[in-house]
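# Overview (structure and organization)
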Amino acid sequence: NQGKDYVGVFDTTTKIVCSYSTDAGHTWSKRKYLTGASLYTAPVPAAEPDGVLIVTFVDYTIGKDEILVARSTDGGETFSPPQKIANYVDLGPVVPNDSHGYPVIGVDSLLMINSFPSIAIDPSSLHYGRAYITWCGKGSDNQPHVWLAVSDNDGIDWSAPKEIDNDTSRAPASKFFSWIAVDPQTGNLGVDYNVARYDTVHRGAGNDRISLQADLYLAHSTDGGGTFVSRRISNASFDPITGQDYRDPDNTTLWFFGDYIGL
């Protein structure tokens, strides 16, 4: 991210930028702007085998909420205009409901989450050069899901997003902070993500509260993202309300679990 300006009041508008190195990171090029200013965040780059650079990021403008990509065919010197892959629906309400806000889940405590994308490219012979983008958001059923879009032509065209978490449960839950990776030998695809549900947890004598209980899951595909099998990875549930609190302009305490989960 280009960063945030402070001119009298807090300004959340940002530009997505790119800088590249040709000497193992010792020096870097001047920044190249991929976008104008908006509520852009969470840029993640990936390079195709033929050198095409694809950067995915999100615009979290309330009422817009877009998963985007920009492409470079000249090594990061110039970029195509941002291309919308999909719209998404926030996993929870935005607190406060303005440009300073953050999507949250929770009851007694509010956990900050988001729906930013992750990208991976298949270097194996299974689907050589196939690009995958994943993110979390609500579907038409008003339930949270993990989504996947696929491109087989250097990110020019993308498939319609599909749900890959295979969750038919209607229990109150949220899926958040997904991350994607491809095995470079087999081409097998993995997407890990957190799943939080609402349980009543006893906290000492006469001290019950509604608490989030989370687990780590993995959606795994051996056919290039055609089908997935999901399974629980963690062997014990945990309370994600553990991070340092953040107080927004309305003086509401929000908690942060930590994003960019990795895989």
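Procedures and definitions
Residues numbered from 1 in each chain as written. Predicted model: local features only at pLDDT ≥ 70, side-chain atom pairs only at ≥ 80, totals over all residues. Heavy atoms only, no water. Core = buried A, V, L, I, M, F, W, Y, C linked by side-chain atoms within 4.5 Å. Buried < 20%, exposed > 50% of the residue type's maximum accessible area, 1.4 Å probe, protein only. Contact = heavy atoms within 4.5 Å. Pairing = 2+ DSSP bridges. Helix = DSSP H or I, 4+ residues; strand = E, 2+ residues; numbered from the N terminus. Phe/Tyr/Trp six-rings, centres within 6.5 Å; stacked < 30°, edge-to-face > 60°. Axes fitted to C-alpha atoms, helices over the stretch in contact; angles between N-to-C directions. Salt bridge = Lys/Arg side-chain N within 4 Å of Asp/Glu carboxyl O.

Right, let's get into the nonpolar core. In terms of nonpolar packing, the biggest core is built from 46 residues, with I54, W135, L148, W158 and F176 touching the most fellow members. I54 has contacts with V44, P45, A46, E48, V69, A70, I119, I121, A131, D154, G155 and W158, leaving out every residue within four places of it along the chain. Core analysis: the next-biggest nonpolar cluster, separate from the first, contains 10 residues, I16, L68, A70 and F79 among them.

The subject of this paragraph is the sheet that holds strand β14 (residues 144-151). Picture the strands of a sheet paired through backbone hydrogen bonds; they go either parallel or antiparallel. Within the open sheet, the 4 strands sit side by side as β12-β13-β14-β15. Their pairing is antiparallel. The open sheet is flanked by β12 (118-121) and β15 (162-163), the only strands paired with a single partner. For β14 and β15, the ladder comprises 2 bridges, and the chain directions are antiparallel. Residue pairing across strands places L148 opposite K162, the latter belonging to β15.

What follows concerns the packing of aromatic side chains. What the rule picks out here adds up to 8 aromatic pairs. Ring-pair connections join several aromatic residues into one group, and the members of that group are F116, F176, F177, W179, F238, F257 and Y260.

This part covers unusual backbone geometry. In this structure, A42 takes a positive phi of about 60° despite not being glycine. Inspection of the secondary structure puts A42 in strand β5 (residues 40-47). For A42, a relative accessible area of 1% gives the class buried. Residue N142 is not a glycine yet carries a positive backbone phi of 65°. With respect to the helices and strands, N142 occurs in the loop between β13 (131-138) and β14.

What follows covers the sheet that holds strand β8 (residues 83-87). What the 4 strands build is an open sheet, ordered β5-β6-β7-β8; its pairing is antiparallel. Of all strands in the sheet, those with a lone pairing partner are β5 and β8, marking the two edges. Direction aside, the axes of adjacent strands within the sheet are offset by 20° on average. Pairing between strand β6 (residues 53-59) and strand β7 (residues 66-72): 7 bridges, direction antiparallel. By the bridge assignment, V58 is partnered in β7 with I67.

Side chains bearing opposite charge may pair, as long as their charged atoms lie close to each other. Under the defined criterion, the tally for this structure stands at 5 salt bridges. Put simply, K64 and D59 hold a salt bridge, and the shortest N to O gap is 3.5 Å. Judged by relative accessible area, which is 36%, K64 ranks as partly exposed. A salt bridge links D215 to R232; the nearest nitrogen and oxygen atoms lie 2.9 Å apart. Linking D215 in strand β18 (residues 208-221) with R232 in strand β19 (residues 229-232), this pair joins segments that are 17 residues apart in sequence.

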